[in-house]
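Read off the chains here:
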Amino acid sequence: MRPGPAAAAPGTGEPVARIVITGISGRLGRLLAQRLHQDHEILGLDRRGMVRKPRDIEVFAYDIRRKKCEGVFRNRRVDVLVHLNIMHDFRRPQHELHSWNVIGTQRLLDYAARYDVGKVVFLSTANVYGARPDNPQFLAEDSPLMGGERFSEMGSLVAVDMLLSTFFWRRPDLETVVLRPAHIVGSVRNGPSLYLSMPVIPTVMGFDPVLQIVHEEDVVEALALAANAPVRGVFNVAGAGALPLSVLIRTLGRRSLPLPYPVLKALLTRAWEMGVTEMPAPELDFLRYPCLVDDRRARAELGYRPRRSLRETLDLIRSGDPYAERLSRHPDGR
Amino acid sequence: MADPAAPQGPVASQALDLWLDEVGGWLGDWGDTAWEERILAAAAHNLNEFGYDPFGMSPAFIRKVIPLVRFLYRVYFRVETRGTREIPQGRVMFVGNHGGQIPIDGLLVATAMALEADPPRIVRSMVERWVPTLPFVSLFMARCGQVLGDPANSRHLLDQEEAILVFPEGVRGISKTWRERYRLQEFGSGFLRLALETRTPIVPVAILGLEEAVPALTRSRTLARVLGAPSFPITPTFPWLLPLGLLPYPVKVRIVFGEPLRFRGDPDEEDEIVDRKAAQVRDTIQAMLDEARARRGGPWDR
């Protein structure tokens, strides 16, 4: 890591880095800040602000698209930018997804380039590869990003990932790191968690794809490693292993309801139009086809090791009710 | 690691599972449980704590399938197998002739290696890209250890010292009509590059009988396109008897495993050189086929 500003970590005497975390009040941002704030100086950038934040973290409640953000980079000498503030909510209008994800990210990258930020860490998702019948069982980092092909809502996430790749090539002097984790589970509020917390889980009849799940704390660990280690490039992040969807559902003690694909697709399309689901119909491909990643690179170069076994990860999801916890944590409803 | 033989509740889709239990119960276990244990032991490496391998293979599922495939192998097709003794341990690539419209040749070769080889091997066939889109079929294949035929998958399996089965003719081979039977089609060279790269011995396999089991008089390109299938055969019974017409006729099947071929060289060599090696494999299999064909009386032997 580049030596940070002159300040020294209290007690240790080691130099600290100044790290900006966007989306700090989200679940992953919060965990990452907790993980890093002992050793580093953390600045947060989050439109939502941050309730119950540690005292040593300064948070700017700015929209990442706004000009005000530039001031953070201009006035503070930022060493590392960890960009987590991506909108995954496919119910938002397409133009808002695009402006937030693509334009917002582009602005942040501009600041990083202009104000000499040494490292950019971006949390993408393995879903950018897309779930396709002819995917190899384990996708390497150089596989084409086909996620937006049948699934236009996914387009902005693919676009951001590509934006980072371009930045990686254009600025060889910067350590650009892109992490592509498999389905993140835990107390995060995302597609897989919502799907698995349904009382009866619909599945596609005749299909039972193998899935990778990764616990949020393992993702945070990978982010911390990426922020600390002198590496650059794209890294897939998988959890402790892969298991078929049916086994996942059974181990969570839930019931599945297999429906033929055309029926499920019709139902889901209707539900989407009525606004009662957050899952667009093309996402059903993730319940039919494989989208698993090969994480050998992260293990070799980042030294990433998932700390939780599959069984432990599942036990954790099973014991905590993510829905109730989520409501208590975000009184503002986000 | 889980005991692969432990009952684990439904291992695949429940309908498929119940059906297998039913068929398995009806066919009985033939009192061959010791061998069954050895087959499960062969499948037991590289399983996660839930009893699945990274490709979704489940020994518990394979156990349910064994009675069915043993019936097909021993009773229905009365398979006669030669050459299972010479098969190398560790990573190995079986290369066979494809034929018979439905990929039952892969199933029979895998069954031969499970029932006849000592110790038994689990063979992972590399299946057509079309298969993963088929409900139930794709599930059945994956749980039995069959894998999408992608070079990355083959490399992954060979690195883990597994046995894989490839049909370099691909769809061209399986969709041959009656007139072209047992004439090997052109071989791709991908399998050979992979064998060079991973230093894997190639075992040529000749499979005789299946071209008569589902004899295609012709094939319909239009219907194949409409259904999105790689090929649509017209046989004496298909499509007239609907899917039932694709049921293979109970011919006698012969499988010959040849001596392993070991190639050395640069996997990134010019096409010309690699193609020549691939042609050598092809010629070996063709010669084995011709020889086996001359030896047999006819497809309807007992």
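Treat the numbers as computed from the prediction; the structure is a model and nothing was measured. (Residues numbered from 1 in each chain as written. Chains lettered and ligands numbered in written order. Predicted model: local features only at pLDDT ≥ 70, side-chain atom pairs only at ≥ 80, totals over all residues. Heavy atoms only, no water.)

### Digging into the overall build of chain B
Definition in use: Secondary structure elements follow DSSP: runs of H or I of four or more residues count as helices, runs of E of two or more count as strands, with numbering from the N terminus. The atom set for the radius of gyration is the C-alpha atoms, and the globule formula is 2.2 Å times the number of residues raised to the power 0.38. Exposure categories follow from relative accessible area, calculated using a 1.4 Å probe and restricted to protein chains: below 20% of the type maximum is buried, above 50% is exposed, and the middle band is partly exposed. Whether two residues are in contact is decided by their heavy atoms, any of which lying within 4.5 Å being enough. Asp and Glu are treated as the negative residues and Lys and Arg as the positive ones, with His and the ends of the chain left uncounted. Taken as the charge centre is NZ of Lys, CZ of Arg, CG of Asp or CD of Glu, depending on the residue.
In terms of helices and strands, chain B carries 11 helices and 9 strands. Since a compact globule built from 302 residues should have a radius of gyration of about 19 Å, the 19 Å found for chain B is in line with a globular shape. Reported as C-alpha extents along the three principal axes, the dimensions of chain B are approximately 50 × 50 × 40 Å. Within chain B, buried positions represent 60% of all 302 residues. Within chain B, residue pairs in contact and separated by at least 24 positions form 78% of the contacts whose partners lie at least 6 positions apart. Distance from the positive charge centre (35 side chains) to the negative charge centre (38 side chains) of chain B: 5 Å.

### Some thoughts on the pattern of salt bridges
This is how it is decided: When a carboxyl oxygen of Asp or Glu is within 4 Å of a side-chain nitrogen of Lys or Arg, the pair counts as a salt bridge.
Inspection of every chain in the model, using the stated rule, returns 46 salt bridges over all chains. Linking D63 of chain A and R47 of chain A is a salt bridge whose minimum nitrogen-to-oxygen distance equals 3.8 Å. Of the two residues, D63 of chain A is situated in the loop between strand 3 (58-60) and helix 2 (68-75) and R47 of chain A in the loop between strand 2 (41-45) and strand 3; the sequence distance between them amounts to 16 residues. Its relative accessible area of 13% is what places D63 of chain A among the buried residues. Residue class for R47 of chain A comes out partly exposed when judged on its relative accessible area of 38%. The partner of E80 of chain B in a salt bridge is K252 of chain B, and the shortest N-O contact between them spans 3.7 Å. With E80 of chain B in strand 1 (residues 80-82) and K252 of chain B in the loop between strand 8 (233-234) and strand 9 (254-257), this pair connects stretches of sequence that are 172 residues apart. In this structure K252 of chain B comes out as buried when scored by relative accessible area, which is 7%. Salt bridges here are not isolated pairs; linked through shared partners, they connect E36, E37, R63 and R70 of chain B.

### As for the interface of chain B and chain A
We count it as follows: Buried area adds together the accessible area that both of two parts lose upon being put together, with accessible area traced by a 1.4 Å probe. Here a polar contact is taken to be a pair of N or O atoms separated by no more than 3.5 Å, where protein atoms must pair a possible hydrogen donor with a possible acceptor and residues adjacent in sequence count only if both atoms sit in side chains.
Every contact between the two is made by 24 residues of chain B and, on the other side, 22 residues of chain A. Note on chain B versus chain A: buried area summed over both sides is about 1,900 Å², and carbon and sulfur give 58% of it. Among the residues chain B hides against chain A, the three largest losses belong to E49, F50 and P54 of chain B. Together they make up 27% of the total. Viewed at the interface, chain A and chain B are joined by 1 salt bridge. The residue R143 of chain B makes a salt bridge to D208 of chain A at a minimum N-O spacing of 3.1 Å. Inspection of the chain B/chain A interface yields 8 residue pairs in polar contact (both at pLDDT 80 or more).

### Structural notes on empty space enclosed by the protein
Residues and elements named next belong to chain B. The test is simple: Cavity: a set of points on a 1 Å grid over the protein atoms alone where a 1.4 Å probe fits but cannot get out. Pocket: an open set with protein on both sides within 12 Å along at least five of seven lines, its lining residues, like those of a cavity, having an atom within 4 Å of a point. Grid points are joined across faces, edges and corners, and a volume is the space filled by probe spheres set on the points. When residue character is reported, Ala, Val, Leu, Ile, Met, Phe, Trp, Tyr, Cys and Pro are called nonpolar, Asp, Glu, Lys and Arg charged, and the others, Gly included, polar.
Inspection of every chain in the model, using the stated rule, returns 5 cavities of 30 Å³ or more. Space inside the largest cavity adds up to approximately 360 Å³. Broken down by secondary-structure element, the contributors of at least two residues to the lining of the largest cavity are helix 5 (137-143) and strand 4 (147-148). Of all the elements, helix 5 adds the most residues to the lining of the largest cavity, at 5 residues. Taken together, the residues of the lining of the largest cavity sort by class into 15 nonpolar, 6 polar and 3 charged.

### Looking at the packing of helix 1 (residues 27-36) of chain A against helix 6 (residues 216-228) of chain A
Residue and element names in this part refer to chain A. Here is the rule: The axes are straight lines fitted to the C-alpha atoms, using for helices just the contacting stretch, and the angles between their N-to-C directions are given from 0 to 180°. An angle below 35 degrees is read as roughly parallel, one above 145 as roughly antiparallel, one from 65 to 115 as roughly perpendicular, and any other as oblique. In a left-handed crossing the near helix is turned counterclockwise from the far helix by less than a right angle, and in a right-handed crossing that turn is clockwise.
For the pair helix 1 and helix 6, the least separation of the axes is 9 Å and the interaxial angle reads 55°. What the angle tells us is that helix 1 and helix 6 run oblique. Judged by the twist between their axes, the crossing of helix 1 over helix 6 is right-handed. Packed against helix 1, whose contacting residues are R27, L28, L31, L32, R35 and L36, the element helix 6 presents E216, V219, V220, E221, L223, A224 and N228 at the interface. Residue composition of the contact of helix 1 with helix 6, grouped by class: 8 nonpolar, 1 polar and 4 charged.

### What to know about helix 4 (residues 104-115) of chain B
Residue and element names in this part refer to chain B. Short version of the rule: Helix span, expected: 1.5 Å multiplied by one less than the number of residues in the helix.
Here helix 4 spans 16 Å end to end across 12 residues, near enough to the 16 Å set by a 1.5 Å rise per residue. With respect to burial, helix 4 is a largely interior element, 11 of its 12 residues being buried. Those residues of helix 4 that fall on the buried side of the exposure criterion are I104, D105, G106, L108, V109, A110, T111, A112, M113, A114 and L115.

### Some points on the sheet that holds strand 1 of chain B
Residue and element names in this part refer to chain B. To keep things clear, this is the line we draw: One bridge is not enough; two strands pair if DSSP finds at least two bridges between them.
With respect to topology, 7 strands assemble into an open sheet ordered 1-9-6-2-5-3-4, the strand pairing being mixed. On the outer flanks of this sheet lie strand 1 and strand 4, each paired with one strand and no other. Where helix 11 (residues 271-295) meets the sheet, it contacts strand 1, strand 2 (92-96), strand 6 (202-208) and strand 9, and its direction lies at approximately 35° from that of strand 6.

### Observations regarding helix 3 (residues 94-114) of chain A
Helix length check: helix 3 of chain A (21 residues) gives 29 Å between terminal C-alpha atoms against 30 Å at 1.5 Å per residue, within 8%. One or two residues past the end of helix 3 of chain A sits D116 of chain A, with phi positive at roughly 60°.

### Details of the confidence of the model for chain B
Detail in the predicted coordinates should be disregarded across regions flagged by low pLDDT. The test is simple: pLDDT is defined as a per-residue confidence score from the predictor, taking values between 0 and 100.
Mean pLDDT over chain B works out to 88, with 92% of the residues at or above the 70 mark. We note a pTM of 0.88 for the whole complex and an ipTM of 0.86 for its interfaces.

### What to know about the side chain of Q212 of chain A
Residue and element names in this part refer to chain A. Checked against the element boundaries, Q212 lands in strand 9 (residues 210-215). Classification of Q212 by relative accessible area gives buried; the value is 5%. Polar side-chain contacts of Q212 include one of 2.7 Å to the backbone nitrogen of V293. Ignoring anything within four residues of it in the chain, the contact list for Q212 reads F138, A182, H183, A238, G241, A242, L292 and V293.

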